[in-house]
Amino acid sequence: MKTRFTLPAVAYFSMEIALDPRMPTYSGGLGVLAGDTLRSAADLGIPIVGVTLLHRKGYFTQSLDFSGNQYEQPQHWSPEAMLHEMEPRGLVQIEGRNVHLRAWRYTIQGVTGETVTVYLLDTDLPENAPEDRGLTDSLYGGDSRYRLAQETVLGLGGLDLLRKLGHSDIEAYHMNEGHSALLALGLLERRLAQSFAGRIKQLDIDSVRRLCIFTTHTPVPAGHDQFPRELVEQVLGEDRSALLEESGSWHGDMLNMTFLALRFSGYVNGVAMRHGEVSRGMFPRYSINAITNGVHAVTWTAEPFRKLFDRSLPGWRQDNNYLRYAISIPLEHIRQTHSEAKQRLFEEVSQATGVSLDPAVFTIGFGRRASTYKRADLLFRDPERLKSIAEKVGPIQLVYAGKAHPRDDGGKALIRSVFNGAASVAGAIRSVYVQNYDLRWGGLLTSGVNLWLNTPMRPQEASGTSGMKAALNGVPSFSVLDGWWVEGHIEGITGWSIGDEDADDRQEAAMLYDKLEREILPMFYGRPQRYTEIMRSAIALNGSFFNTQRMVRQYVSNAYMHRDLAGQPAPPAELAETTRG
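Treat the numbers as computed from the prediction; the structure is a model and nothing was measured. (Residues numbered from 1 in each chain as written. Predicted model: local features only at pLDDT ≥ 70, side-chain atom pairs only at ≥ 80, totals over all residues. Heavy atoms only, no water.)

## Remarks on helix α1 (residues 29–44)
Phase 1: For α1, which comprises 16 residues, the first-to-last C-alpha distance of 22 Å matches the rise-based estimate of 22 Å (1.5 Å per residue) to within 8%.
Phase 2: Across the 16 residues of α1, 15 count as buried, placing the element largely inside the fold.
Phase 3: A positive backbone phi angle near 70 degrees is found at G45, which sits one or two residues after α1. (Helix = DSSP H or I, 4+ residues; strand = E, 2+ residues; numbered from the N terminus. Expected span 1.5 Å × (residues − 1). Buried < 20%, exposed > 50% of the residue type's maximum accessible area, 1.4 Å probe, protein only.)

Here is the structure:
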């Protein structure tokens, strides 16, 4: 698919982008999705450039004690050893000071040789004040002032530096979550400087909206970044605060970055069909579409399965739709290939933790960011029931992983709860919690277990992508019907569901145990051919669709190519009648 000469040039802004396991420029799903998006754009020859922050100290290195208490250390790394420094310097004003920026370039090469450039912004320059040199150090670190300053660097600084780097042809700006929403303010400033109108008109708002695409990932109001007016005036200055006022961009006395992005975007989407519905309920005055997330198929398919697909499904790397034909791969080939992936996981677990797992035992995997709504401990709600199932129906092993945000006490308590739960079943079930969950461990876990467990509280799972990675490797999901699983679930064909719309924690745990005891374990141990059929169906039905190749094509056809505001509602906020000075 050679499209470089027919598509508009796109700039893709994201606070985090997962590019390389050796570069800690991401914290979890948002960054991994961004990296997968850009990899598929390179595969398809889409003219897109990525913009993010450098994060010199990364997110954090996790260590856990025997009780599950989490400790954090910075993830120092050397950009100089892995990236190319660009000469042009950008500039942004923060608290009245000039903050200078440089960009480090990372190049993604696609399967056909096309490339996508990603710029990682860095303020660690000698001409900056000491407090400004650290603005691009830590991902999601610091207080509200630090976060707003970072978002100023990303949105306004990134916009300025793109122009100085020669990207004057950008026709569409894609904001991956609201962290980069200030770029819309920068586009409005650019528009007003060119028009000499002196007063904002609806035409000016619409001109910015024709340029902007916004993807929202957060299905709960508390998850959206917002900053008080006093702090915004301090960081951005009086002129930009007045421009926010004049353009109707304040949300009460707060600058809500989601509302700012919504206001200035001509195309807005959630990241799953269910999430689109939830988002329209949260923001009823806006038109919100849905493009379901995916994962980069070649990246997340384990090496044994890559070799199998190369032999059985030629062309699958260039066109992920060919995974549909996995339904014709002999079951024995699926089973043997997964055994190789499982052995690789167990070898890595043994080396990292000293725990030896049995390749013949049914192994459940759970690897997610440790956040309370993900309920990683739901499996341990009734430890006696879980032990009974393992003793009477068939043995079980558990592999857990996931970091809690350093300031998320609830997430840290959840990790301790998983440790306590594992201890409560230790006599019957062997468990291991892998520290420092990252891209490498994500690939090992999602390809090496027998069942992928996911237990979020409805409707707080925007999409979720870990189960999509598992599906590419023939690992069926066992999940609450939320996020992407609403679309990917076919009971007993691609995996199994947990609970229903009205179930509470206790009822969902009971349903989880019932299906493990009566359906899943008896099938794995008693009807292995039938279980392998489900593994194969997960590849053919879910792997062939829930990939970023399909997702990027949808962005191209639905958002990048069609940014005409005809049929789109006007932004709801009223323009102020003040005149710009």
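## Re the pairing of strand β18 (residues 451–454)
Phase 1: The alternating pattern of β18 places L451 and L453 and W452 and N454 on opposite faces, both of which are buried.
Phase 2: Looking at chain direction, strand β15 (residues 362–367) and β18 are connected through two bridges and run parallel. By the bridge assignment for β18, I364 is matched with L451.
Phase 3: Sheet analysis places β18 next to strand β19 (residues 477–480), joined by three bridges and oriented parallel. (Pairing = 2+ DSSP bridges.)

## Thoughts on the pairing of strand β13 (residues 267–270)
Phase 1: Side chains of β13 alternate between two faces, with Y267 and N269 and V268 and G270 buried alike.
Phase 2: Taken together, the three bridges between strand β10 (residues 212–215) and β13 define a ladder with parallel strand orientation. Bridge pairing in β13 places F214 opposite V268.
Phase 3: Of the pairings in the sheet, the one linking β13 to strand β14 (residues 289–290) comprises two bridges and is parallel in character. Bridge assignment links G270 to a residue of β14, and that residue is A290.
Phase 4: You can see the chain leave β13, run along helix α10 (residues 273–282) and come back into β14, and the turn it takes is right-handed. (Right-handed = clockwise from strand over helix to strand, strands pointing away.)

## Thoughts on the packing of helix α4 (residues 144–164) against helix α7 (residues 229–236)
Phase 1: For the pair α4 and α7, the least separation of the axes is 10 Å and the interaxial angle reads 50 degrees. Relative to α7, the element α4 is oriented oblique. In this structure, α4 crosses over α7, and the sense of that crossing is right-handed. Within the contact between the two elements, α4 uses S144, R145, L148, A149, T152 and L156 and α7 uses L231, V232, Q234, V235 and L236.
Phase 2: Its residues placed into classes, the contact of α4 with α7 shows seven nonpolar, three polar and one charged. (Axes fitted to C-alpha atoms, helices over the stretch in contact; angles between N-to-C directions. Parallel < 35°, antiparallel > 145°, perpendicular 65-115°, else oblique. Left-handed = near helix turned anticlockwise from the far one by under 90°. Contact = heavy atoms within 4.5 Å. Nonpolar A, V, L, I, M, F, W, Y, C, P; charged D, E, K, R; others polar.)

## Thoughts on the pattern of salt bridges
Pairing of side chains with opposite charge becomes possible as their charged atoms draw close.
Phase 1: Taken as a whole and judged by the stated rule, the model has 39 salt bridges.
Phase 2: Between D225 and R147 there is a salt bridge, with the nearest N and O atoms lying 3.0 Å from each other. A residue pair is termed long-range when its members are at least 10 positions apart, and D225 in the loop between β10 and β11 (226–228) and R147 in helix α4 qualify at 78 residues.
Phase 3: For E461, the salt bridge identified is with K374, shortest N-O distance 3.8 Å. One end of the pair, E461, is in the loop between β18 and α17 (466–472); the other, K374, is in the loop between β15 and α14 (383–392), with 87 residues separating them in the sequence.
Phase 4: Connected via shared salt-bridge partners are R56, E80, E85, R89, R102, D122, D124 and R133. (Salt bridge = Lys/Arg side-chain N within 4 Å of Asp/Glu carboxyl O.)

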